[in-house]
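These are the residues of each chain, in order.
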Amino acid sequence: MERKRVIAVGSYPDWDSEAMSRDYALATIARLADLASLDPALRNEAVAVAYKSGASFGAAEMDLLPNLGLISNFGVGYDAINIEAARDRGIRVTNTPDVLNDDVADTALAMMLAHCRCIPAGDRFVREGRWPGGDFPLNRKFSGGRAGIMGLGRIGRSIADRLVAFGMEIHYHARSAKDVPAGWTFHATPEGLAAEVDWLVVALVGGAATQDYISAEVIACMPQDAVLVNISRGSTVDEAALLDALEAGRIGAALDVFRNEPDIDPRFLTLPNVILQPHQGSGTVETRRAMGELQRANIAAYLRGEPLLTPVT
Ligand code: 8YV
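Residues numbered from 1 in each chain as written. Predicted model: local features only at pLDDT ≥ 70, side-chain atom pairs only at ≥ 80, totals over all residues. Heavy atoms only, no water.

### Notes on the site of the ligand
Reasoning step 1: Close to the ligand lie Phe 74, Gly 75, Val 76, Gly 77, Leu 100, Arg 233, His 279, Ser 282, Arg 288 and Met 291.
Reasoning step 2: In the model, an oxygen atom of the ligand is placed 2.7 Å from a nitrogen or oxygen of the His 279 side chain.
Reasoning step 3: Arg 288 has a polar side-chain atom sitting 2.8 Å from an oxygen atom of the ligand.
Reasoning step 4: Taken by itself the ligand offers 320 Å² of open surface, and the protein chains cover 83% of this.
Reasoning step 5: Looking at the shell around the ligand, its residues break down into four nonpolar, four polar and two charged. (Near = heavy atom within 4 Å. Polar contact = N/O pair within 3.5 Å; in protein donor to acceptor, adjacent residues only side chain to side chain. Areas by Shrake-Rupley, 256 points an atom, 1.4 Å probe, with all protein chains shown as cover. Nonpolar A, V, L, I, M, F, W, Y, C, P; charged D, E, K, R; others polar.)

### Focus on the domain arrangement of the protein chain
Reasoning step 1: When its domains are assigned, the protein chain resolves into domain 1 (5-97 + 285-303) and domain 2 (101-276).
Reasoning step 2: The gap between the C-alpha centroids of domain 1 and domain 2 is 32 Å.
Reasoning step 3: Listed by partner, the interface residues are five residues for domain 1 and six residues for domain 2.
Reasoning step 4: Of the roughly 420 Å² buried between domain 1 and domain 2, counting both surfaces, carbon and sulfur atoms make up 47%.
Reasoning step 5: The three residues of domain 1 that bury the most area against domain 2 are Asp 79, Pro 97 and Thr 287, which together make up 77% of that side's buried surface.
Reasoning step 6: On inspection of domain 1 and its partner domain 2, the count reaches one salt bridge.
Reasoning step 7: A salt bridge links Arg 233 to Asp 79, with the shortest nitrogen-to-oxygen separation between them at 3.1 Å.
Reasoning step 8: Here the side of domain 1 that touches domain 2 is built from residues that sort into two nonpolar, two polar and one charged. (Domains from an automatic or database assignment. Contact = heavy atoms within 4.5 Å. Buried area = accessible area lost by both parts, 1.4 Å probe. Salt bridge = Lys/Arg side-chain N within 4 Å of Asp/Glu carboxyl O.)

### Overview of the pairing of strand β7 (residues 169-173)
Reasoning step 1: Taken across its five residues, β7 has four buried, putting it largely inside the fold.
Reasoning step 2: Sheet topology places strand β6 (residues 146-150) next to β7; five bridges connect them, and they run parallel. Pairing of Met 150 across the sheet is with His 173, part of β7.
Reasoning step 3: As for the winding sense of the linkage, the β-α-β connection from β6 through helix α7 (residues 154-164) to β7 is right-handed. (Buried < 20%, exposed > 50% of the residue type's maximum accessible area, 1.4 Å probe, protein only. Helix = DSSP H or I, 4+ residues; strand = E, 2+ residues; numbered from the N terminus. Pairing = 2+ DSSP bridges. Right-handed = clockwise from strand over helix to strand, strands pointing away.)

### Looking at the sheet that holds strand β10 (residues 227-230)
Reasoning step 1: With parallel pairing, the seven strands of this open sheet are ordered in space as β8-β7-β6-β9-β10-β11-β12. Taken across any chain shown, the strands that pair with only one partner, and hence form the sheet edges, are β8 (185-186) and β12 (274-276).
Reasoning step 2: Packing of α7 onto the sheet brings it into contact with β6, β7 and β9 (199-202), and relative to β6 it is tilted by some 170°.
Reasoning step 3: Running at roughly 130° to strand β11 (residues 252-255), helix α10 (residues 239-247) makes contact with β10, β11 and β12 of the sheet. (Axes fitted to C-alpha atoms, helices over the stretch in contact; angles between N-to-C directions.)

### Points about the nonpolar core
Most often, soluble globular proteins keep nonpolar side chains buried together rather than apart.
Reasoning step 1: By size, the foremost hydrophobic cluster in this structure holds 43 residues, and its most contacted members are Phe 142, Ile 149, Ile 159, Leu 163, Trp 199, Val 229 and Ile 231.
Reasoning step 2: Element by element, the count of residues in this core is highest for helix α5 (residues 101-116), at eight residues.
Reasoning step 3: Aside from chain neighbours lying at most four places away, what touches Ile 231 is Val 104, Ala 108, Met 111, Ile 155, Ile 159, Val 202, Ala 203, Asp 256 and Val 257.
Reasoning step 4: Counting 27 residues, the second largest nonpolar core, distinct from the first, contains Leu 228, Ala 245, Leu 246 and Ile 251. (Core = buried A, V, L, I, M, F, W, Y, C linked by side-chain atoms within 4.5 Å.)

### Structural notes on the pairing of strand β3 (residues 48-51)
Reasoning step 1: On β3, burial covers both faces: Ala 48 and Ala 50 on one face and Val 49 and Tyr 51 on the other are all buried.
Reasoning step 2: Where strand β1 (residues 5-9) and β3 come together, four bridges link them in parallel fashion. Note that in β3 the partner of Ala 8 across the bridge is Ala 50.
Reasoning step 3: Examined bridge by bridge, β3 and strand β4 (residues 70-73) share four bridges and lie parallel to one another. Within the sheet, the bridge partner assigned to Tyr 51 lies in β4 and is Asn 73.

Structure, rendered in C-alpha cells:
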C-alpha cells in the first residue's frame, strides 16, 4: 500500500521515529517554524502532522499544508493548536489523554513531598558534609494537611485520589460540583478554594479560557506558607504576582511548568522556597511510549477512514 506523507514536528525518541518511518512517508522538522522552508511538493502531499511542540500552530501554518486532514498532538494539552482555525479548514485534532494521568499525578505528589520535607536541601546537606556539624532543621508534616485541587479533570482527580492516602482533606474548584467521594468540599470560586488550603494544586487545561486563572487576587487569598503546585501550564498562573509573593516569603511553590519554557524567569532560580522541575510530568519511558503509540494510533485510524480514538474536535 502506498505510504502516506506525514510530517513529524518536534524531537522524537528513536522508538517513535522508527515506527513512524516504517508506516508513513515521513518528513521530520525540529520546529514548526521550519515548515515554510520544506519543499512545497512535500507540503502538498502531507495529510497528517504528528505534533510535539508548544509552539503556536495557527492558521498561517495550516495554510502551508493544503491537504492536511489531521493534527495528532503528542500530549493531553493541545493549547498550542488553534482549534477554531483547524475546524474552519476541516482539519481534525487528536491528543493523548489518560495514558499520562498516573505519571503527572505522581510528579505532583513527588514535588509536594519534596517541598514539604525539604528533600533537595536534605540531599545537599548530606553531600556537602554538613551533617556532622549538627542536625538538619525540622520541617513540616505532610500527611493530614488541606489540599485544594484547581480543576478536577482526569489528572486533578488522580492527584486527589493519591492525596486521600495521605489523610488529606480534599477541596476542589471546577466549573460545577462533581460526583466525588463524601467529604470532599466544592468551592464555587478560585479565591474561595485558595483561602481554605495549605496546598493549591493547579490541574487546569491550558488555553485562553484559563489564562491567568490563578490571578494576583487568588494568590493573595492563599494563607501564609501555603504552597502553589503547578503541573498544568505556565499560562494558568499570573507569574509576576507569583514571583512577588514568593520573593516576599509569603507562600512557597512547586512548579513543573512555566511561562516561556525552557527560558524561565531567572527570578525563580534564587528562591529557596520553590521546587523547580523541567516540565517532566509525563516524562517516563513507559508513558512517553504510550503517548507515542496513541498519537500513531490516531494517525492510523485517520488514514484508514476509521473513527479517531481520542479526538478533541
Ligand atoms: C508532555 C504535557 O510531556 O501532555 C501534556 O500536555 O504537557 C506533557 O505531558 C508534553 O506535551 C510533551 O511535549
